Amino acid sequence: QVQLAESGGGLVQTGGSLRLSCAPSGRTFRSYTMGWFRQAPGKEREFVAGLSWSGGSTNYADSVKGRFTISRDNAKNTVYLQLNSLKPEDTAVYHCAATLRGTYPSGSVHLYDYWGQGTQVTVSS
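Residues numbered from 1 in each chain as written. Predicted model: local features only at pLDDT ≥ 70, side-chain atom pairs only at ≥ 80, totals over all residues. Heavy atoms only, no water.

**Things to note about the overall build of the chain**
How we decide: Strands here mean DSSP runs of E at least two residues long; helices mean DSSP runs of H or I at least four residues long; both are numbered from the N terminus. C-alpha atoms define the radius of gyration in this analysis, and the globule rule sets the expected value at 2.2 Å times the number of residues to the power 0.38. Here's how the labels work: a residue is buried when its accessible area is under 20% of the maximum for its type, exposed when over 50%, partly exposed in between, all with a 1.4 Å probe on protein chains only.
The helix and strand inventory of the chain stands at zero helices and 11 strands. N-terminal to C-terminal, the α/β element order of the chain is β-β-β-β-β-β-β-β-β-β-β. Expected size for 125 residues packed as a compact globule is a radius of gyration near 14 Å; at 13 Å, the chain falls within 12% of this value. Across its three principal axes, the chain shows a C-alpha extent of roughly 40 × 25 × 25 Å. In the chain, buried positions account for 44% of the 125 residues.

Below you can see the structure in the form of structure tokens.
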């Protein structure tokens, strides 16, 4: 069983930056396709970014392209999401997700089998 723990959220002003981290426990996640999703109050969970196990393929939601960057450090068993040029509409709980069922980091929530509890990101205007 893979357990995911996110960290790095917080309160920032518009235009600020944060770096989120996701560290699985229980086993190495070297072979897992990883994703980041977010959920704002009253809204459905939406895809933000994904990364293949090798790091060779990435996928981003149009709303974050050019501002967010997903990366992984397999030696540290950690996945990162760098958030730059933050906007108030980026405010949400950000969740890390993992799967072994696909090599391409699809934006579908149904692809991912393991989820973290999330970390809150709040962007003030």
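Read on for the rest.
**Remarks on the state of the cysteines**
This is how the line gets drawn: Note on disulfides: each one is a pair of cysteine sulfur atoms within 2.5 Å.
Counted by the stated rule, this structure contains one disulfide. Between the sulfur of Cys 22 and that of Cys 96 lies a disulfide, 2.0 Å long from S to S. Its S-S torsion of about -80° marks the bond between Cys 22 and Cys 96 as left-handed, since a negative value means left-handed. With a gap of 74 residues between them, Cys 22 in strand E3 (residues 18-25) and Cys 96 in strand E9 (residues 92-99) connect regions that are remote in the sequence. Classification of Cys 96 by relative accessible area gives buried; the value is 0%.

**Some details on the sheet that holds strand E1 (residues 3-7)**
We count it as follows: The criterion for strand pairing is that DSSP finds at least two bridges linking the strands in question. Only the stretch in contact is used when fitting a helix axis, every axis being a line fitted to C-alpha atoms; angles between N-to-C directions are given from 0 to 180 degrees.
Ordered in space as E1-E3-E8-E7, the four strands form an open sheet in which the pairing is antiparallel. Taken across any chain shown, the strands that pair with only one partner, and hence form the sheet edges, are E1 and strand E7 (68-73). Between one strand axis and the next, the sheet turns through 20° on average, direction left out of account. Where E3 meets strand E8 (residues 78-83), five bridges bridge the pair, whose relative direction is antiparallel. Paired with Leu 18 across the bridge in E8 is Leu 83.

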